[in-house]
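# Tertiary structure, described
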Amino acid sequence: ATVSVLYWKKNRGAVGKRIKKGGGSKMKTQTLVLFGIILGFLCFGYTQFAGKGDQNAELGFAVSKIQALKKELEGANTASSKFQEESMRMKHEADAVRESKTSLEVEIGPLRILQVEQQKAASELEEAKSEIKKLNKKLQDTETLVDQEKLVSKKSEDALEDLWVTHNSTKENLRILMSGVSADTRKQSECEAKTSELERSLGTAHTVQTKLNAEVQSEAERAKDFEDKYFAVKSDLAVVAKENAFLKNRIEIFEAEADRHVLKGDRQTRRKNLIEEEKQRALNRALDPDLAKPIEAVTWNIAAVNNNPFEYWISGTEEYNKLMDNVANFITSPGELDIPVSKVFTQDMWEDLKQTMKQIGWEGVDKVGTLWEENYKGRRIISELMKDASIGKKRLASMPDRVTNTIVTTTGLAMRPTVINCYEGSIAQMDKWWSAWKKFMFSRELEVIGRRKKREKKFGYELLKSIKRAKYPAVTEEEEAISLPLQTLVGAIFDAILVHIMNHAAPNVWEDIRAEMCDKLNKGKNDRVVGIIANTYNTANAVFLQEVSGDFEKAVKKSEILDTFEVYLSEKADDARNQNSVILLSKGTYKHIEEVTELIVQEMPPGTVANGDLLAITCETREGVPYLFASFHGDTNGLATIPVVEAMHKYASSLTPHHKLVFGMDANTYQHPSPDQQGLESFAKFYVSKNLTTCYGDNPNPANYTTFHARTHLQTQLNKAVAIKDRDELGDKNPKDNIMFFKKDFVTVSTTKDNTGEKLYKEGMVFPTLTFPSDHGITSTVMKYPSQADIRKLEQAKNNEKVAKTRSFMEVVSWNVASMTENPFEYWMSGSESYNKIMDNVASLLVSPSDFNVPVKKVFTQDMWEELRSAMKATGWKGIDEVTSIWEGYREKRIITGILLDRTLIDKKLIIGFDQMTNTLNHGDEVLMRPSVINCYEGSLESTEKWWSAWKNFTFKNEFGGMAPWQRLAHLKSENIPALTAEEEQVSQPLQTMLGAIYDAVLVHLMNHVAPTAWETLRTEMCNDLLKTRIKRVASILSTSYSAADVVLLQDAPADFVKFVKSSPIPDYFDVYSPERQGSANSVIFLRKGKFENVAEATSDVARHLSPLAREALLDGELLAVTATGLTSGEKYLLTSFRATAQRNILLSVQDAIKKHADQNHIKHHILGAETAALENPTAGDIDMSAITAYIAENGLGTSFGPRPDPMNVTMLTGRTYLQPRTNKALQYKEISSKGESGLKDLIFFPYSHFSSVLTTKDNTGRRVFAEETIFPTAEFPSMHSITSTILQHKARPALPAANSSDISTATWNIAAV
C-alpha cells in the first residue's frame, strides 16, 4: 500500500485515468489499497523471478521477466560459445521460480484483491505483462509510468547478466538445471500443455484468493478494470510456452556439447599451445626485416624555460633584429650616452625606495644610502654598471632578477615590470615603470606554493634571498649584511637602465615588438609545438620530448594530437622546474606500458639526474615485440650524459635483455668542448664501446649541428652576448641531439634534421624563429630491423676491430702543458682582437713613453713609501735605513725607462724574485693572489689608492699556510746573481719588497691609462678562459682528441693536475701515473686501459745512472719513468717523460740513463717524450738541434720527426708581451714571426732498431690540427707547446751502422703532399 501511494503520487496522471473519481476519502483509500495489493503481487513475483526486487514499480516485474526470457533465447541462438551463459541464466530462473512459489504463499494474504477465478488471475498477470510490453515499444507516446517500468526492466536485465557470468558450466550443473527448470516450468504452466510453473503459482493464488473473497467484495468492480489486460496476456503466454519448449531443446544440445568437451578434455591445452605458437609466428613475422614496417622515432628538446623574449637573436624578424642591433651598439659603444646612473634612476626614486625599504623593516638601508651617494649614483650606466664584472660576481642584479622575473602563483604567472619578460602593462614611460615596479615589489600580495606544497601569501620583496659571502666570495662582509636592500637597489637600477636603453633604441615601438615576440615565442609556444608534432610528425611510432613545461598537458588536451598519440609523463615529473621529459607513442600500437625510470636511476650515482630529466617505459607491440623507450635531457655541460647512458645500457642489457632500446636525448655534447663539457667525439667512443650507436652513426660529424643560437645584449649574462655580425662565429652551434639504440636491434634507413617544423633544416640559420619555437632542432630517424646482410656487416666490423687491436702499432703522445705562469697577460695570443689591441697599446706606450714616463714618486708616492717603510720595520728586517737611501734614488727615476725597461733590475732579479715568491700562493685547495695586474686577483684595481690598500694587507697582514707573503721572500745572493752588489745582497728582502711595490703600482697606473675600466674586464675573461680552466681544457683535449692513444707523456703539469684529472673523463680511458716526489712542474704519464700490466715507477732507478751534475740539476717531478708489460704482446717497456732545461748534459744524460737502465734490465722498448729546450742560436752550455741530431745518430735512436729533425719544424711559436717582469724578452706583435720564441722544442725518442715512426702529427688547436703561423697559447689551446703524436710500429731490424761508417747511404722524403 505504501508503494502504491508513492507510485500514485508520482504517476497520478497515468493512474488517474484508470481510477474513477469520487467516493470520499474512505473510498479513495480502499481504492489505493486494492491497487497497491495488485501491484504488490506483480512486483513481488517479478522480484523472485529476477533475483532482485524493486519496491518502486510492481508491474515492471512481469515485463522485465518476459523480456529477460526473450533476451535469453536470443543469446542461445547466437553460437555454441553462449551455451554456458544461457545455462546459468536458466538455472537462475529456476531458482527464482521456486522461491516465487514460497514467497507468494506468504505474501498474497494481505493483498485483499483478486475476486476472479484461477484462470482470470493468470490472465491478469499475462495482461499486465502485455500492457507493459506495449508501453515499452511506444516509449515516446506513453506516459511516465511506462518510462519507470522500462528503467526497472533494464536494471533487472543487468542483474541477470551479472549472475549468468558467475555460473559454473559443468555437465552435472547442466543436468541439474535441466531437471530443475522442467519441474518449475510445469508448476508455472496453467495447464500441462503450457508452463506448469505458472499453473502451480496461480493455483496457490486461487486458494489464497478464496479465503479473501469476503474482504474484497467492495473492490470487485475496480478489479474488473484489469480483466481486459488479463485476456490479452493469454496469447502471449502461449508464446512463452513455445519458447520454453525451444529452451528445453537447447538444454539438451548443451548436454550433448558438454559430453563432447568431456571426451576431448585436452582440447583447451592444445588450443593454448596453438595460441602460443601463433603468437610466436606473429612475433617472427613482426621481426622479419623483409615484412616488418620501419620504425620512425623523433626527438626534440622544446626548451621550456625562457621568460625573456629578447634573449636570443631570431631569424626572419628584421624589425626585432634591428632593435637588438641598436641595443648592442648602445651597450658596446655608448659614447656620450654613457650617462650617470642618477640621470636614469633619479634621486627622487632612491628616496622613495629608501623610505619603502625602511617601512618594511629592513636593516642596513642607511648603509645602502651611503653606497648610493658615494658609489652607485655617479657611475656611468654602461661602462661602470652594466659592464661591471664585480656586480655579476656578487649577483647583485642577477639574483633579484632570478627570483622575481616571472613568479608562478596559484592564479597564474606574475611578472616583475621589466623589459626582459612578458609583463603586459606599459612601462615605456619611466614614471609608469617606477610606479608599477614599486607596487609589484612591495604592495602586491602573491599566493605561491611554498615548501611542502603549502600555499603562502608573499610580497615580491619577501622572495628575495640574502647573498652569502661563503657562496659568492666577491661579496664583502658589509655587503652580505645589507644584501637584501642592496640587491633591491641594484635590481631597480638595472631595470631602469633597460627601460632607458629601449626607449633610446626603439622609442614608441619596442613594447609592440615585445608583445609580438611574447605571443609567438612564449605564450603560444606549446600550441606551436603540439601543432608541429600533430601535422608534421603524426606518422612517428615514438616521439621523445625534453624540457617540457608543466602546462604542456593543457595544450595537448585541446589539440588533435590525442587522436594520434598517447602521452606519457613520469610519475616524478617536476612541474615547478618546467624541464620534464615526455614520450608520445602511436595510439593503439603498444600495450602493457609500464614506467621503469626509477629502476634505471638506481644504477646511477646519486644526484646524476633531477626529477623529470629522464623518463623510461617498457611496452610491447600488438605482435608482442618488447621495447624500452626513453627520453632524457642532459645537464648544460653534458657531464651527466655518459652516466645516464651507462645506467640505461646496464638496465637494458641485464634486466630487460629482450627489449629493443630506442633512446631519444638532448645529450648536450659539444664540437669543441671545454674541460668541463662533454665532447661529441669522446661520447661516440664511449657508446660504441657499449655496442650502441645513434641515428648519426658510430662516428658522428661534430659539425652536424642540431642547435644554433646566439644571445643578444638584452639579458643578464652580458659576457655571453654576441653581436649580430658575429653570430656565425660566436653563436652556440653544437651537435647535441640524437636517437640511440643497440647495433644488433636496428639499422638506420634515414635521418633528418628540422629547424622549420616542416622536416627541413636550414643550415646557418639561428633559431628559435617566430614559427619554430625552440633553440634545438628536431631529429627524426627511420630504422628497420637488421637483415642477415646487415648482421654479417656488423660481425665483420667487430672482427676488423679485433684485428686492429692485435696489430703492432702504438700511438705515443708527448705534450708540455706549460703550467708555470699565472699571468694572463704574459703572452701574445692569436684570435683575441681586444686582448692584442690592449697589449699593442701597452707595447707602443713603453717603446715611446713620451710624457707618460713620469718620475716614480708621481705614481708610488712618498706617503706610500712611508707606510711601506713602517710596515717593513715591523717585520724586524735589517737594513731599512739603507733601503731608504736607495729609495731616494729610485723615487726620481722614470717609471718606464728606470723601472719597467731597466735591464739592470732584470739582471739583478729584484723584481723577478719578488714576483716569483708572492704572485700566486697555493696551500692545499686554497689560492691567494697578490693585488697585481699580472695575475688573476679578483678585487678591483681601478685606482692606485685601492690597489695600495689591498697590497699592504696582502703583503704584511695575510697569513697563508702559516706564513705571511713577506716571510716567503728569498735572500738573494750575489754568487748566484752576479749583477747583485754586496750592499744589495745584505738588504735583498726589503729591497725586493720596495721594488715589487713600485713595479705593481706602475702597472696599475699603466693599465688605467691604456684601457680604463676595460682592462679589468678583459683580465677576468682571460683568467676564466685561459688560466683558471687551463687544467680542465688540457684534460678535455686529451680525453676527446687523444683518448685512443696508447701512451701519453706530459711535462710541466702543475701539482694539482693529477688530482683534477682523477675527477675528469681521463680515468675512463687511461691509468694515470705521477712522480712519487712532486714539485711545481711535474711529468705525468697516461697508459691506455687494458694495454699494459705490471706497471711500476722506475724514476729513481733511472736517476741512478745520471751524471752527478745532472742529478744535482734535476728538480723534483721533472722526470718520471715507469716500466710496463704489454698485455697482448708480453713485451716490456720503459716509458719516460722529461722536461729538459737548456743545458745539453741534462737532456743527453737523461737519455743515456734511460738506455743504461733498459740494457741492464733487458728492456728493448724504451720511449722518451721530452721538451728538448733546444735553441736556434745557442750560447755556451746551451743545447741546439744539431747536437741532438748527432747524439741520435751516435746512439741508434729515432725520433718522432725522423733521424735528422728539422729545426724549422716548429712545435712552439710564442712571444712575450711587456706585461711581465722580463721586459728584455718582450716583443711587439709584429715582431713575433721573426723574433718570437719558436723552434722544434718537443720530441719523442725511441730505439731505431725496434720502432719506426709511421705517422707524426702536430697539434696547436686541440683538434689534431696544426694551424701554421698561429701564435699560441690561444683561448682554446692552453699551452705554448704544441702536442706531438706519433704512430710507432714494432719492427725487427738491425740497428743503423755507426755514423762514421763508410758504406751507408740514406735518404728521407715525406711524400704526404695533400
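Residues numbered from 1 in each chain as written. Predicted model: local features only at pLDDT ≥ 70, side-chain atom pairs only at ≥ 80, totals over all residues. Heavy atoms only, no water.

With that out of the way, let us pick up the overall build of the protein chain. Counting its secondary structure elements, the protein chain contains 47 helices and 36 strands. Intrachain contacts of the protein chain at a sequence separation of at least 6 include 74% that bridge at least 24 residues. Per element, the accessible surface of the protein chain, about 60,500 Å² overall, is 49% carbon and sulfur. (Helix = DSSP H or I, 4+ residues; strand = E, 2+ residues; numbered from the N terminus. Contact = heavy atoms within 4.5 Å. Areas by Shrake-Rupley, 256 points an atom, 1.4 Å probe, with all protein chains shown as cover.)

Right, let's talk about the packing of aromatic side chains for a bit. As enumerated under the stated definition, the model contains 39 aromatic pairs in all. Taken together, a centroid distance of 6.1 Å and an interplanar angle of 20 degrees make the contact between Phe825 and Tyr835 stacked. One end of the pair, Phe825, is in the loop between β21 (809-816) and α30 (833-847); the other, Tyr835, is in helix α30, and ten residues separate them in sequence. The structure contains a cluster of three or more aromatic residues connected by ring pairs, namely Phe544, Tyr590, Tyr627, Phe629, Phe741, Phe746 and Tyr785. The ring of Phe746 has Lys660 lying over it, and the distance from NZ or CZ to the ring centre is 6.0 Å. If you follow Lys744 out to its NZ or CZ, it ends over the ring of Phe742, 5.2 Å from the centre. (Phe/Tyr/Trp six-rings, centres within 6.5 Å; stacked < 30°, edge-to-face > 60°. Lys NZ or Arg CZ within 6 Å of the ring centre and 35° of its normal.)

The subject of this paragraph is a positive patch on the surface. A cluster of basic side chains, namely Arg395, Arg402, Lys465 and Lys471, defines a positive patch on the protein surface. Position of Arg402 among the secondary structure elements: in helix α18 (residues 398-404). (Patch = residues over 30% accessible without salt bridge, like charges linked within 9 Å, V, L, I, M, F, W, Y side chains within 5 Å. Salt bridge = Lys/Arg side-chain N within 4 Å of Asp/Glu carboxyl O. Lys, Arg positive; Asp, Glu negative; His and termini not counted. Charge placed at Lys NZ, Arg CZ, Asp CG, Glu CD.)

Before going further, it helps to spend a moment on the packing of helix α31 (residues 862-875) against helix α38 (residues 988-1010). Between α31 and α38, the least distance of the axes is 11 Å, while the angle of their chain directions is 150 degrees. As summarised for this structure, α31 and α38 are arranged roughly antiparallel, according to the angle between their axes. Considering only the axes of α31 and α38, their crossing is right-handed. Judged by residue contacts, Trp865, Leu868 and Met872 of α31 engage Pro990, Thr993, Met994 and Ala997 from α38. Residue composition of the contact of α31 with α38, grouped by class: six nonpolar, one polar and no charged. (Axes fitted to C-alpha atoms, helices over the stretch in contact; angles between N-to-C directions. Parallel < 35°, antiparallel > 145°, perpendicular 65-115°, else oblique. Left-handed = near helix turned anticlockwise from the far one by under 90°. Nonpolar A, V, L, I, M, F, W, Y, C, P; charged D, E, K, R; others polar.)

The next subject is the sheet that holds strand β34 (residues 1242-1247). If you trace the six strands from one edge of the open sheet to the other, you get β27-β28-β29-β30-β34-β31, paired in mixed fashion. In this open sheet, the two strands that pair with only one neighbour each are β27 (1092-1097) and β31 (1197-1199). Pairs of neighbouring strands in the sheet enclose a mean axial angle of 20 degrees, with direction left out of account. Pairing of β27 with strand β28 (residues 1119-1126) involves four bridges; the strand directions are antiparallel. Counted as the bridge partner of Glu1093 is Thr1125 from β28. (Pairing = 2+ DSSP bridges.)

Let us now look at the sheet that holds strand β10 (residues 614-621). Spatial ordering of the open sheet is given by β9-β10-β11-β12-β18-β15, a layout of six strands whose pairing is mixed. Looking at the sheet topology across the chains shown, the edges are occupied by β9 (590-595) and β15 (692-694). When the angles between neighbouring strand axes are averaged without regard to direction, this sheet yields 20 degrees.

Turning to helix α27 (residues 680-689), its buried residues number three or more, namely Leu680, Ser682, Phe683, Ala684, Phe686 and Tyr687. Positive backbone phi, at 60 degrees, marks Asn691, one or two positions downstream of α27. (Buried < 20%, exposed > 50% of the residue type's maximum accessible area, 1.4 Å probe, protein only.)

Residue placement: Asp1052 occurs in strand β24 (residues 1047-1053). Only 2.9 Å separates the side chain of Asp1052 from the side chain of Arg1139, close enough to count as a polar contact. (Polar contact = N/O pair within 3.5 Å; in protein donor to acceptor, adjacent residues only side chain to side chain.)

On to the confidence of the model for the protein chain, then. The predicted model of the protein chain has a mean per-residue pLDDT of 80, with 72% of residues at 70 or higher. Counting interchain partners and residues more than four positions distant, the pLDDT-below-50 stretch residues 176-191 has 60 contacts. (pLDDT = per-residue confidence, 0-100.)

Relative to the helices and strands, Asp338 resides in the loop between α13 (318-332) and α14 (347-359). When the C-alpha atoms of Asp338 and Glu384 are compared, they prove to be 9.0 Å apart, with 46 residues separating the residues in sequence. Discounting residues that sit within four places of it in the chain, Asp338 has contacts with Arg380, Ile381, Ile382 and Ser383. Within the structure, Asp338 has its side chain in polar contact with the side chain of Ser383 (distance 2.6 Å).

Let us look at the pattern of salt bridges. One pass over the structure, following the stated rule, counts 43 salt bridges. The shortest N-O distance in the salt bridge between Glu447 and Arg455 comes to 3.4 Å. The residue Lys458 makes a salt bridge to Glu456 at a minimum N-O spacing of 3.6 Å. Classification of Lys458 by relative accessible area gives partly exposed; the value is 27%. Through salt bridges that share partners, Asp1052, Glu1118, Arg1139 and Glu1171 make up one connected network.

Our next topic: the nonpolar core. The biggest cluster of nonpolar side chains holds 102 residues, and the ones touching the most others in it are Leu323, Phe345, Leu353, Tyr376, Trp433 and Leu545. With 13 residues, the top contributor of residues to this core is helix α21 (residues 483-505). Leu845, Leu905, Tyr1042 and Val1048 belong to the second largest nonpolar core, which has 100 residues in total. (Core = buried A, V, L, I, M, F, W, Y, C linked by side-chain atoms within 4.5 Å.)

Turning our eyes to something else, we now look at the side chain of Lys394. Mapped onto the elements, Lys394 comes out in helix α17 (residues 389-394). The residues contacting Lys394, other than those within four sequence positions of it, are Ile467, Ala474, Val475 and Glu479.

Two elements in contact, α13 and helix α22 (residues 510-523), have axes separated by 11 Å at closest approach and are oriented at 125 degrees. By the angle between their directions, the pair α13 and α22 is classed as oblique. Of the two elements, α13 crosses α22, and the hand of that crossing is left-handed. Where α13 approaches α22, its residues Glu319, Tyr320 and Leu323 are matched on the opposing element by Trp510, Ile513 and Met517. Considering only residue class, the contact of α13 with α22 consists of five nonpolar, no polar and one charged.

All right, on to the state of the cysteines then. In the structure shown here, the tally under the stated rule is two disulfides. Here Cys422 is linked by a disulfide to Cys518, with a sulfur-sulfur distance of 2.1 Å. Here Cys422 and Cys518 share a disulfide; its torsion about the S-S bond, -100 degrees, makes the bridge left-handed. Placement of the pair is Cys422 in the loop between β3 (412-415) and α19 (430-443) and Cys518 in helix α22, with a sequence separation of 96 residues. In terms of burial, Cys422 and Cys518 fall into one category: buried. (Disulfide = S-S within 2.5 Å.)

Here the focus is the pairing of strand β6 (residues 542-548). Counting buried residues along β6, seven of its seven residues qualify, which places the element largely inside the surrounding structure. One ladder, built from five bridges, connects β6 with strand β8 (residues 580-586); its direction is antiparallel. Along β8, the bridge assignment pairs Val548 with Asn580.

Take unusual backbone geometry next. In this structure, the amide linkage connecting Phe767 to the following residue, Pro768, adopts the cis form with an omega of 25 degrees. As for its position among the elements, Pro768 is in the loop between β19 (747-754) and β20 (778-784). Following Phe1272, the chain continues to Pro1273 via a peptide bond in cis, the omega torsion being 20 degrees. Here Pro1273 shows up in the loop between β35 (1251-1259) and β36 (1283-1290). Phi at Arg395 is positive, roughly 60 degrees, even though this residue is not glycine. Looking at the element boundaries, Arg395 is found in the loop between α17 and α18. Relative accessible area serves as the criterion here: at 31%, Arg395 is assigned to the partly exposed category. A positive phi is found at Glu547, a non-glycine position, where the angle reads about 55 degrees. Relative to the helices and strands, Glu547 is located in strand β6. Glu547 sits in the buried class, given a relative accessible area of 11%.

By the element assignment, Pro1247 lies in strand β34. Given the relative accessible area of 7%, Pro1247 is considered buried.

Along the polypeptide, Asp915 turns up in helix α35 (residues 910-918). Under the relative-accessibility criterion, Asp915 is labelled buried at 12%. C-alpha of Asp915 to C-alpha of Asp1000: the two residues are 85 residues apart in sequence and 9.5 Å apart in space. Setting aside residues up to four positions removed in sequence, Asp915 forms contacts with Arg930, Ile934 and Pro1221. A polar side-chain atom of Asp915 sits 3.0 Å from a polar atom in the side chain of Arg930.

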